[in-house]
Amino acid sequence: MTSVFKALTIAGSDSGGGAGIQADLKTFQELGVYGMSALTAVTAQNTLGVQAVYPLEPEAVATQLDSIGTDLQPDAVKTGMLFSSEIIRIVAGKIRQFGWSSLVVDPVMVAKGGSPLLQQEAVRALITELLPLALVVTPNIPEAEILTGMTISGLPDRERASQRLHAMGPQYVVLKGGHDDGTSGVLDLLYDGQEFIYMDSPRIATRHTHGTGCTYSAAIAAGLAKGNTVAEAIATAKSFIQAAIEDSLGIGAGHGPTNHFAYGNRQRGMLP
């Protein structure tokens, strides 16, 4: 019998379908991984912004994770929007309890439109409780600035920030470069504690980038679930998100979602 690879996303729901658990589950499916989810919050949002956030009770998060952990052990786990320090502590405790090791932490803090998705007091809990458990952490530049307390301007700053993030516990740091408009391409930095590896890709002029961070980290988790090395998982994730941005769906009046079908269509020769 063929092995079924399983991945778990612990994140918020995006009613617009472009980010959060919806983006994660679509990405898992496209990459051949069975997806599971534990919701931390329900958001009312669309391409124009976040209209409301309704966090779940911490007990509800814990019970979902118990249900997964006692029956459907994931091969990899990713976290997205966790909202509060209490939920972060619950999630970290369950990860330790069930021994989930292939953990990708996407430190979701602010939505594309600027709405805060992580309470201020929760940043410390993220640093002290969750990052030490992470195999990979995937901040963008603004998130890395908040986590490290430093301003990032230029490649030397990125390397220093990556070192600070690595010292917080993750084995691998992927510092994403999409927010650096001063570069012609998108330059991501991978740091493993010893070597800095830059990964370049063309920058696409589009406003339809909602959910890129969720999708990228979910693709990494999918690769890890299938037994790929971290480097292999990141390389596939980079190709996946590049295709998703290039082949835009063009829906919504604001920051539209990426195209989760694009990578699979390219692999199967089914370009629209």
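Above this text you will find the structure in question.
Quick caveat, the model's predicted, so the values are computed rather than measured.

Novice: I'm lost on the packing of helix α2 (residues 58–69) against helix α3 (residues 85–98) in this one. Help?
Specialist: In a pair of packed helices, the angle between the axes and the distance between the axes together describe the arrangement. Packing of α2 against α3 brings their axes to within 9 Å, and their N-to-C directions diverge by 20°. In terms of orientation, α2 lies roughly parallel with respect to α3. When you trace α2 past α3, the crossing you get is right-handed. For the pair α2 and α3, the contacting residues are Pro58, Val61, Ala62, Leu65, Asp66 and Gly69 in the first and Glu86, Ile87, Ile90, Val91, Lys94, Gln97 and Phe98 in the second.

Novice: What is the right way to read the packing of aromatic side chains from this model?
Specialist: Each aromatic ring pair is described using two quantities: the centre-to-centre distance and the angle formed by the ring planes. Summed over the entire model, instances satisfying the criterion amount to three aromatic pairs. Taking 4.5 Å as the distance between ring centres and 15° as the angle between the ring planes, the aromatic pair formed by Tyr191 and Phe196 counts as stacked. A residue is classified by how much of its surface remains accessible, and Phe196, at 27% relative accessible area, is partly exposed. Between the aromatic rings of Phe240 and Tyr263, the centroid separation amounts to 5.4 Å while the plane-to-plane angle is 45°, which identifies the pairing as tilted. In this pair, Phe240 sits in helix α8 (residues 230–246) while Tyr263 sits in helix α9 (residues 262–267), placing the two residues 23 residues apart along the sequence. Each member of the pair, Phe240 as well as Tyr263, carries the same accessibility label: buried.

Novice: For this particular structure, what's the right way to read unusual backbone geometry?
Specialist: Both trends apply: most residues other than glycine have a negative phi, and most peptide bonds are in trans. Notably, Phe83 is not glycine yet its phi reads approximately 75°, a positive angle. Inspection of the secondary structure puts Phe83 in the loop between β4 (76–79) and α3.

Novice: Quick question: what am I supposed to make of the pairing of strand β3 (residues 49–55) here?
Specialist: Side chains on a regular strand alternate between the two faces of the sheet. Direction of pairing for strand β2 (residues 34–46) relative to β3: antiparallel, over a ladder of six bridges. Along β3, the bridge assignment pairs Ala41 with Pro55.

Calculation criteria
Residues numbered from 1 in each chain as written. Predicted model: local features only at pLDDT ≥ 70, side-chain atom pairs only at ≥ 80, totals over all residues. Heavy atoms only, no water. Axes fitted to C-alpha atoms, helices over the stretch in contact; angles between N-to-C directions. Helix = DSSP H or I, 4+ residues; strand = E, 2+ residues; numbered from the N terminus. Parallel < 35°, antiparallel > 145°, perpendicular 65-115°, else oblique. Left-handed = near helix turned anticlockwise from the far one by under 90°. Contact = heavy atoms within 4.5 Å. Phe/Tyr/Trp six-rings, centres within 6.5 Å; stacked < 30°, edge-to-face > 60°. Buried < 20%, exposed > 50% of the residue type's maximum accessible area, 1.4 Å probe, protein only. Pairing = 2+ DSSP bridges.

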